[in-house]
Amino acid sequence: MDTSARTDRIRPGQAAPGIESGRPMEWELRSAEAADVEAIAELRATVMRPDLERLGRFDEHRVRQRLRDSFSPQHTSVIVAAGAFAGSVTVRPAEDGRWLEHFYLAPGLQGRGIGSAVLRTLLKRIDADGVFVRLNVLQGCAARRLYERHGFTVEAQDPIDVFMVRRPGVGALES
């Protein structure tokens, strides 16, 4: 994963705590290391808990273990915002494109534009390869709206998961 620093402008009123509204918020993607697994597993449990509880699927151990079992440092980036751990994202190769997985952002940073900026950056890279991107979200998860704004459409769904796909170059990358 690319570890270059980025600076994106966050919309006024949406700056992260400690960052003045309307000022550029610096963030970067750094390559994950094996030692990052527990921090990412904890963030996953925190971020997914409300949706998993709503669906009657939350299990304190399983939510962390599923991340540990599928953790792939070579395909994962850690999101660093304002100099601190802010989240993670995995872009895994697949037969016909890429799978976007384990995209978690600390709750205090959600809704402030960082997730959109990270997703926009990743999609530009993937679009350069001209391949499809797939992901799945839990039914009723607010992140689905983020993905739809970036051109993802529903491919299939079941009572728990919504499987989404995005064709190369589709979607509003400036959201």
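Refer to the structure printed above.
Below is a summary of the structure that appears in this document. Because the structure is a prediction, the values reported are computed rather than measured.

### Description of the overall build of the protein chain
Point 1. A count of helical and extended segments in the protein chain gives 4 helices and 8 strands.
Point 2. N-terminal to C-terminal, the α/β element order of the protein chain is β-β-α-α-β-β-β-α-β-α-β-β.
Point 3. Looking at the protein chain as a whole, 42% of its 175 residues are labelled buried.
Point 4. Across the protein chain, every contact between residues at least 6 apart in sequence was considered, and the portion connecting residues at least 24 apart equals 58%.
Point 5. Carbon and sulfur atoms form 49% of the exposed surface of the protein chain, whose accessible area is close to 8,900 Å².

### As for the pattern of salt bridges
Should the charged atoms of two oppositely charged side chains come close, the side chains can pair.
Point 1. Scanning the model with the defined rule gives 13 salt bridges in all.
Point 2. Note that R30 and D36 form a salt bridge whose closest N and O atoms lie 2.9 Å from each other.
Point 3. Assessed through its relative accessible area of 27%, R30 is described here as partly exposed.
Point 4. Notably, a salt bridge pairs R98 with D129, separated by 2.6 Å at the nearest N-O pair.

### Describing the pairing of strand β8 (residues 161-166)
Point 1. Within β8, 5 of the 6 residues are buried, which leaves it mostly tucked inside the rest of the structure.
Point 2. Where strand β6 (residues 132-138) lies against β8, 6 bridges are found, and the strand directions are antiparallel. If you follow R134 over to β8, its bridge partner there is V165.
Point 3. As paired elements, strand β7 (residues 153-157) and β8 share 4 bridges and run antiparallel to each other. The partner of A156 across the bridge, within β8, is F163.
Point 4. Hairpin connection between β7 and β8: a loop of 3 residues separates the two successive antiparallel strands.

### Digging into helix α2 (residues 62-70)
Point 1. Buried residues of α2: V63, R64 and L67, and no others. The arc enclosing the buried residues of α2, seen along the axis, measures out at 100°, which places them on a common side.
Point 2. Where α2 is buried, its residues touch α1 (37-54) and β5 (97-105).

### Overview of the layout of surface pockets
Point 1. Its boundaries defined by the atoms lining it, the largest pocket holds a volume of some 1,200 Å³.
Point 2. Lining the largest pocket are 41 residues, with F103, Y104, C141, A143 and Y147 sitting closest to its centre.
Point 3. Of all the secondary structure elements, the ones that give two or more residues to the lining of the largest pocket are α1, α2, β5, α3 (114-128), β6 and α4 (143-149).

So, how was this worked out
Residues numbered from 1 in each chain as written. Predicted model: local features only at pLDDT ≥ 70, side-chain atom pairs only at ≥ 80, totals over all residues. Heavy atoms only, no water. Helix = DSSP H or I, 4+ residues; strand = E, 2+ residues; numbered from the N terminus. Buried < 20%, exposed > 50% of the residue type's maximum accessible area, 1.4 Å probe, protein only. Contact = heavy atoms within 4.5 Å. Areas by Shrake-Rupley, 256 points an atom, 1.4 Å probe, with all protein chains shown as cover. Salt bridge = Lys/Arg side-chain N within 4 Å of Asp/Glu carboxyl O. Pairing = 2+ DSSP bridges. Arc of directions from axis to C-beta. 1 Å grid on protein atoms, 1.4 Å probe; cavity = no way out; pocket = protein on both sides within 12 Å on 5 of 7 lines; lining within 4 Å. Points joined across faces, edges and corners; volume = space filled by probe spheres on them.

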